[in-house]
Amino acid sequence: MLRVKSVAKVARRTYASVASAPVVSTSNGIKVAAIEGDAESQLASLSLVINGGSRFETPDNAGAAHYLKAFGFRNTQGRTSFRTVREAELNGATLTAQATRENITYTVQCFKDAVPYFVDVLADIASATKYTEHEFRDISKAVEFESLCARTNPVSRLVDGIHQAAFRNGLGNSLYALPSSPVDTGDAVRQYAQAAFASNRVAIVGTGVGAQQLADLVSQSSLSTLEAQPLSLVTSASKFVGGTQQVYESASPVSHYALAFSAEPAMAPVLVSLLGAQRRMKWSTGVSPLAKLAASGGFEAEAFSFAYSDAAVVGVLVSAPTSQIKAAVEKVAAVIQKDIATAGDEAVQRAVAAAKLDAAETMATLKGTQLALGHIALGQSAATLESVEMAASKLSKAAPAVFKSKPVAASVGLSQTTAYVDTLGF
């Protein structure tokens, strides 16, 4: 019992420290956020977070963010990619890159004593990447393969589809460089990078290191040479356009359908828990109306949410045999309007508890902590335990407004057997 109490106290301190992590600004405007964590741990992590995701692309550089992500840890003025990888392996470090619609993130996981070295590695990405043509040709192969995998994955197509239907441009831009992408040289990527790596769009976040210590290392690195560009990568505010739909033809015997609603970013975690399509026990059908419906109807229903700085979508992904997909979607829509939008106190209480647990589990992971720190540093919405608790009090009023509004939809299957969003009664 004493051990359980001790772990609970440590966990509570960890969640609170992320939500209240200090954000330090360097002299040129780069934001730095970090938490030291467990003093006994020898592990640290660093992330270079760039507010330059695909939402900032234009028709002239569509796909550039995907290529920029792939150029991470490549040849720079100070070191070759071979040297970077070799020295990372000698230090036992791992290097990763990830792109979302808002941010591009380059991450290093390493030992604490290697933090100064890897701050310089990340600084080189922002200030000294060469973007050579021979590397672009190699990178293009990886980018093309990632794009091909996304286009052949029905879930990836639906995620792109609901964003395109909901936002059209901006957040509606694809995460992937399509075959028609005008980005065909390393210099085209360089031009996008020069706008993305403006100091006012850059954050350095870390774990296992103090915020001021990390800020000092950043100030001593080549990141200090970056300049602010207030007008770089300008995009208009996101506007959700309800009632539209993307249809992708497929002859597969299984069809997929995503139904998504507009929501406030801070409310997304509790709203997706209220939908409650997931099962909390392996052999249980669940107690929520959607979970029971899916179990009895012989199809799958999975709740999802995507939150951004100025918008969010919350919805359900339905998968069913092609001959049954229309009926399954119609039943799901009816349950959302009848039961979810008018959920009672007990359902709301369950949703809040589940959302808190999900947030706590996420914040207990290194990836979740890094993600939250990056969002906090850049002033974006971060799903921490504290933010979920604040949103919980608004759930009863938010649910009817969200789940009775006009949604958007995307489907992968035969157009003759799909349900159309304007026939679902919203």
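Quick caveat, the model's predicted, so the values are computed rather than measured.

Draft legend 1. Inspection of the overall build of the protein at higher detail. Within the protein, the regular secondary structure consists of 15 helices and 11 strands. On C-alpha atoms alone, the protein measures out to a radius of gyration of 22 Å, which is about the 22 Å that the 2.2 N^0.38 rule sets for 426 residues. Along the longest, intermediate and shortest principal axes, the C-alpha atoms of the protein span 60 × 60 × 35 Å. Across the protein, the fraction of contacts at a sequence separation of at least 24, relative to all contacts at a separation of at least 6, is 82%. Roughly 19,800 Å² of accessible area belongs to the protein as shown, and the carbon and sulfur atoms make up 54% of that amount.

Draft legend 2. Inspection of the packing of aromatic side chains at higher detail. Considering all chains together, one arrives at 8 aromatic pairs under this definition. Judged by centre distance (5.0 Å) and plane angle (65°), the ring pair of Phe71 and Tyr131 falls under edge-to-face. Here the residue Phe71 occupies a position in the loop between α2 (64–70) and α3 (81–90), and Tyr131 occupies one in the loop between α4 (115–128) and α5 (133–152), the gap between them amounting to 60 residues. By relative accessible area, Tyr131 is classed as buried at 5%. Seen in terms of ring centroids, Phe261 and Phe403 are 5.3 Å apart; in terms of plane orientation they differ by 85°. Their pairing is edge-to-face. One end of the pair, Phe261, is in strand β8 (residues 254–263); the other, Phe403, is in helix α15 (residues 395–403), with 142 residues separating them in the sequence. Joined through ring pairs, the aromatic side chains of Phe261, Phe403 and Phe426 make up one cluster. Sitting over the ring of Phe56, Arg55 keeps its end group 5.8 Å from the ring centre.

Draft legend 3. Structural view of the side chain of Thr84. Mapped onto the elements of the fold, Thr84 is located in helix α3. The contacts of Thr84, once residues within four sequence positions are left out, are Phe73, Arg79, Leu95 and Val121.

Draft legend 4. Main features of the side chain of His375. Within the element layout of this structure, His375 appears in helix α13 (residues 366–377). For His375, the residues in contact, after removing those within four places along its chain, are Asn103, Gln380, Ser381 and Ala382.

Draft legend 5. Broad picture of the pairing of strand β5 (residues 104–111). Judged by how many residues are buried, β5 sits mostly within the fold: 6 of 8 residues are covered. The pairing of strand β3 (residues 43–50) with β5 spans 8 bridges and is antiparallel. Paired with Ser47 across the strands is Thr107, a residue of β5. In this structure, strand β4 (residues 94–99) lies alongside β5, joined through 6 bridges in antiparallel fashion. Following the sheet pairing, Gln98 is matched in β5 by Thr105. Two successive antiparallel strands, β4 and β5, enclose a turn made up of 4 residues.

Draft legend 6. Structural view of the packing of helix α10 (residues 289–297) against helix α11 (residues 325–340). Between α10 and α11, the least distance of the axes is 10 Å, while the angle of their chain directions is 155°. It follows that α10 is roughly antiparallel to α11 by the angle criterion. Every pair of crossing elements has a handedness; the one defined by α10 and α11 is right-handed. Two secondary-structure elements touch here, α10 through Pro289, Leu290 and Leu293 and α11 through Lys331, Val332, Val335, Ile336, Asp339 and Ile340. Its residues assigned to classes, the contact of α10 with α11 shows 7 nonpolar, no polar and 2 charged.

Draft legend 7. View of the nonpolar core. Core analysis: the largest hydrophobic core is formed by 54 residues, its most contacted members being Leu48, Leu68, Tyr106, Phe118, Phe197 and Leu223. Sort the elements by how many residues they give to this core and α4 lands first, with 8 residues. Those residues in contact with Phe197 that lie beyond four places of it in its chain are Leu48, Ile50, Leu68, Tyr106, Ile125, Ala126, Tyr131, Val202 and Leu226.

Draft legend 8. Seen up close, the environment of Asn103. Relative to the helices and strands, Asn103 resides in the loop between β4 and β5. Judged by relative accessible area, Asn103 falls into the buried class, the value being 4%. Residues Asn103 and Ala65, spaced 38 residues apart in sequence, show a C-alpha to C-alpha distance of 8.9 Å. A distance of 3.2 Å separates polar atoms of two side chains, one belonging to Asn103 and the other to Asn51. A distance of 2.8 Å separates the side chain of Asn103 from the side chain of Gln380, its partner in a polar contact.

Draft legend 9. Up close: the sheet that holds β4. Strand order in the open sheet made by the 6 strands is β1-β2-β6-β3-β5-β4, with mixed pairing throughout. Looking at the sheet topology across the chains shown, the edges are occupied by β1 (23–25) and β4. Within this sheet the neighbouring strands show an average axis-to-axis angle of 20°, counted without direction. Across 6 bridges, β3 lies against strand β6 (residues 202–207) in antiparallel orientation. Residue pairing in the sheet places Leu48 in a bridge with Ile204 of β6. Of the strands in this sheet, β3, β4 and β5 are in contact with α4, which crosses β3 at around 15°. Across the sheet, helix α8 (residues 211–220) touches β1, β2 (31–35), β3 and β6, and the angle it forms with β2 is around 140°.

Parameters at a glance
Residues numbered from 1 in each chain as written. Predicted model: local features only at pLDDT ≥ 70, side-chain atom pairs only at ≥ 80, totals over all residues. Heavy atoms only, no water. Helix = DSSP H or I, 4+ residues; strand = E, 2+ residues; numbered from the N terminus. Rg over C-alpha atoms; globule rule 2.2 N^0.38 Å. Contact = heavy atoms within 4.5 Å. Areas by Shrake-Rupley, 256 points an atom, 1.4 Å probe, with all protein chains shown as cover. Phe/Tyr/Trp six-rings, centres within 6.5 Å; stacked < 30°, edge-to-face > 60°. Buried < 20%, exposed > 50% of the residue type's maximum accessible area, 1.4 Å probe, protein only. Lys NZ or Arg CZ within 6 Å of the ring centre and 35° of its normal. Pairing = 2+ DSSP bridges. Axes fitted to C-alpha atoms, helices over the stretch in contact; angles between N-to-C directions. Parallel < 35°, antiparallel > 145°, perpendicular 65-115°, else oblique. Left-handed = near helix turned anticlockwise from the far one by under 90°. Nonpolar A, V, L, I, M, F, W, Y, C, P; charged D, E, K, R; others polar. Core = buried A, V, L, I, M, F, W, Y, C linked by side-chain atoms within 4.5 Å. Polar contact = N/O pair within 3.5 Å; in protein donor to acceptor, adjacent residues only side chain to side chain.

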